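Each chain is listed here by its residues.
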Amino acid sequence: MKKIILISSLFFALQAQAEFKHGLYISDSLGNIGVDVSGKHQDFAAFTGSNPQSITEENANIYDGRISNMRSFGYNLRNVPEVGFGYEFGVYSTKVKIPQQNAALIHDNGSAFTKNTLTGPVDIVVDSPSSYIKTIDIYLGGLYNFAKVKENYTLYVGAGYAKIKGDWYNSYYRGIPGEDPEYGKKGKTKVDGYYTSIKTGVNFNKNYNLELEYAKHKLHADSFRSFNINGSDAEFSRTSLNFIYNF
C-alpha cells in the first residue's frame, strides 16, 4: 500500500511540473514511398468479346506503387513534464502526391492479370495517371521526456495513433481504360483509415522540436479507378522529419 501511495505521489508531482504547449506542426516525408494497392478487379482473362458472362471478380494487387511526396501541417498540443511521461494531441492536414506510373495487376497467387488479344493473352499493365490524396488526421500519442542533456536540450521518444479521413483526387474510375480519354484522370473518391507511429525527437531552446517519425498507414478508398467493385485498400510506410514550434 505504501508503494502505491509513493508511486501515485510521484506521478502527481511530475504532472504538477508538466506544462501545456501549443504548437505549429510541419512534416515532410523523406524519400519516395512504396505503396501496395489491393481490392476486387474485373478479370477479363477469359473474355473474347462475345462472352461477357465469363468476366469474373478477382482479388487484385498492385505491388511497388510509388508515392512521390507526403506533407502535413497543423496544430499540436502537448502536456510535457521536465522528466517522465506526457501526451500530445494533433489535428493535421496532409497531402499525398502520387506520380504517373505503370502498374501491373497481380492475382492473390502471384500470377499476372491478362487480357485476350488477337495474338493471344497479354499481361495487364496500367498506365496509371497522377493523383493526390488530401486528408485530415486526428492524432493522439504518448511521449516520454528524458533528463536534459544540456541546459536547453531535451531528448524524448513517443508513439501514437491517428484517424484519417479525406478524398482521393483525380481518381475517377468509371469508363473503359484505353477508350475513355478521361478514364482515371478526374473526379474524387472518399478515403478513410488510420496510421500508427513511433518517433524520437529533441526539444531545444524550449520552443522548438525536431522529430524523426516512422509510421504505417492503412487507407480504404470507396471506389478507385477500375477497382470499382468494392473500392481498394492502400498500405504504405513512411519516414518523416517533423518540426514543431511551440508558443
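Computed from a predicted structure; not experimentally measured. (Residues numbered from 1 in each chain as written. Predicted model: local features only at pLDDT ≥ 70, side-chain atom pairs only at ≥ 80, totals over all residues. Heavy atoms only, no water.)

Asks: Whenever I open this one, the overall build of the protein confuses me. Can you help?
Replies: The helix and strand inventory of the protein stands at one helix and 15 strands. Relative to the 2.2 N^0.38 estimate, which gives 18 Å for 247 residues, the radius of gyration of the protein is 24 Å and therefore markedly larger than a compact globule would have. Principal-axis analysis of the C-alpha atoms places the extent of the protein at approximately 80 × 40 × 25 Å. A burial count over the protein gives 39% of its 247 residues as buried. Across the protein, every contact between residues at least 6 apart in sequence was considered, and the portion connecting residues at least 24 apart equals 69%. Only carbon and sulfur atoms are counted for the fraction: they give 59% of the accessible area of the protein, which is about 13900 Å². In the protein, 26 positive and 24 negative side-chain charges are present, and the distance between their average locations comes to 9 Å. (Helix = DSSP H or I, 4+ residues; strand = E, 2+ residues; numbered from the N terminus. Rg over C-alpha atoms; globule rule 2.2 N^0.38 Å. Buried < 20%, exposed > 50% of the residue type's maximum accessible area, 1.4 Å probe, protein only. Contact = heavy atoms within 4.5 Å. Areas by Shrake-Rupley, 256 points an atom, 1.4 Å probe, with all protein chains shown as cover. Lys, Arg positive; Asp, Glu negative; His and termini not counted. Charge placed at Lys NZ, Arg CZ, Asp CG, Glu CD.)

Asks: Help me understand the pattern of salt bridges, please; the structure alone is not making it clear to me.
Replies: Oppositely charged side chains are able to pair whenever their charged atoms sit close together. Enumeration according to the criterion identifies five salt bridges in this entry. R78 is the salt-bridge partner of E88, the closest N and O atoms lying 3.1 Å from each other. Here E88, found in strand β5 (residues 84-98), pairs with R78, found in strand β4 (residues 69-80); they are ten residues apart in sequence, far enough to count as distant. Residue E88 shares its accessibility class with R78, and that shared class is buried. The shortest N-O distance in the salt bridge between E88 and K199 comes to 2.9 Å. Placement of the pair is E88 in strand β5 and K199 in strand β13 (residues 188-204), with a sequence separation of 111 residues. In terms of burial, E88 and K199 fall into one category: buried. (Salt bridge = Lys/Arg side-chain N within 4 Å of Asp/Glu carboxyl O.)

Asks: Can you walk me through the environment of Y195 in this structure?
Replies: Residue position: Y195 is located in strand β13. Take Y195: its relative accessible area is 2%, and that puts it in the buried class. In the structure, Y195 is positioned 19 residues away from Y214 in sequence and 10 Å away in space, judged by C-alpha atoms. Apart from the residues lying within four places of it in its own chain, the contact partners of Y195 are Y92, D137, Y139, G160, Y161, A162, I164, E213, A215, K216, H217 and R238.

Asks: Can you walk me through the layout of surface pockets in this structure?
Replies: For the second largest pocket, the calculated volume is near 350 Å³. Lining the second largest pocket are 20 residues, and of these E19, K21, N145, T154 and N203 sit closest to its centre. When residues of the lining of the second largest pocket are traced back to their parent elements, those giving at least two are β1 (19-29), β4, β11 (131-145) and β12 (153-169). Of the residues forming the lining of the second largest pocket, the biggest block, three residues, is contributed by β12. Considered class by class, the residues forming the lining of the second largest pocket number five nonpolar, eight polar and seven charged. (1 Å grid on protein atoms, 1.4 Å probe; cavity = no way out; pocket = protein on both sides within 12 Å on 5 of 7 lines; lining within 4 Å. Points joined across faces, edges and corners; volume = space filled by probe spheres on them. Nonpolar A, V, L, I, M, F, W, Y, C, P; charged D, E, K, R; others polar.)

Asks: Can you walk me through the pairing of β1 in this structure?
Replies: Two faces belong to every sheet, and in a regular strand the side chains alternate between them. By the bridge criterion, ten bridges tie β1 to β4 in an arrangement that is antiparallel. Bridged to L24 within β4 is Y75. Sheet topology note: the β1/strand β15 (residues 232-246) ladder contains seven bridges and is antiparallel. Following the sheet pairing, D28 is matched in β15 by L241. (Pairing = 2+ DSSP bridges.)

Asks: How do you make sense of unusual backbone geometry when you look at a structure like this?
Replies: Among all residues save glycine, negative phi is the norm, and among peptide bonds the norm is trans. Despite not being glycine, D64 has its phi angle at roughly 60°, a positive value. If you trace the backbone, D64 turns up in strand β3 (residues 56-67). The class of D64 is exposed, set by a relative accessible area of 69%.

Asks: It is not clear to me how the nonpolar core should be interpreted in this structure. Could you clarify?
Replies: Buried together is how nonpolar side chains tend to be arranged in soluble globular proteins. I67, L105, I133, W168, Y195, F227 and F236 are the most contacted members of the largest nonpolar core, which has 30 residues in total. If you list the elements that add at least two residues to this core, you get β2 (33-43), β3, β5, β11, β12, β13, β14 (208-221) and β15. (Core = buried A, V, L, I, M, F, W, Y, C linked by side-chain atoms within 4.5 Å.)

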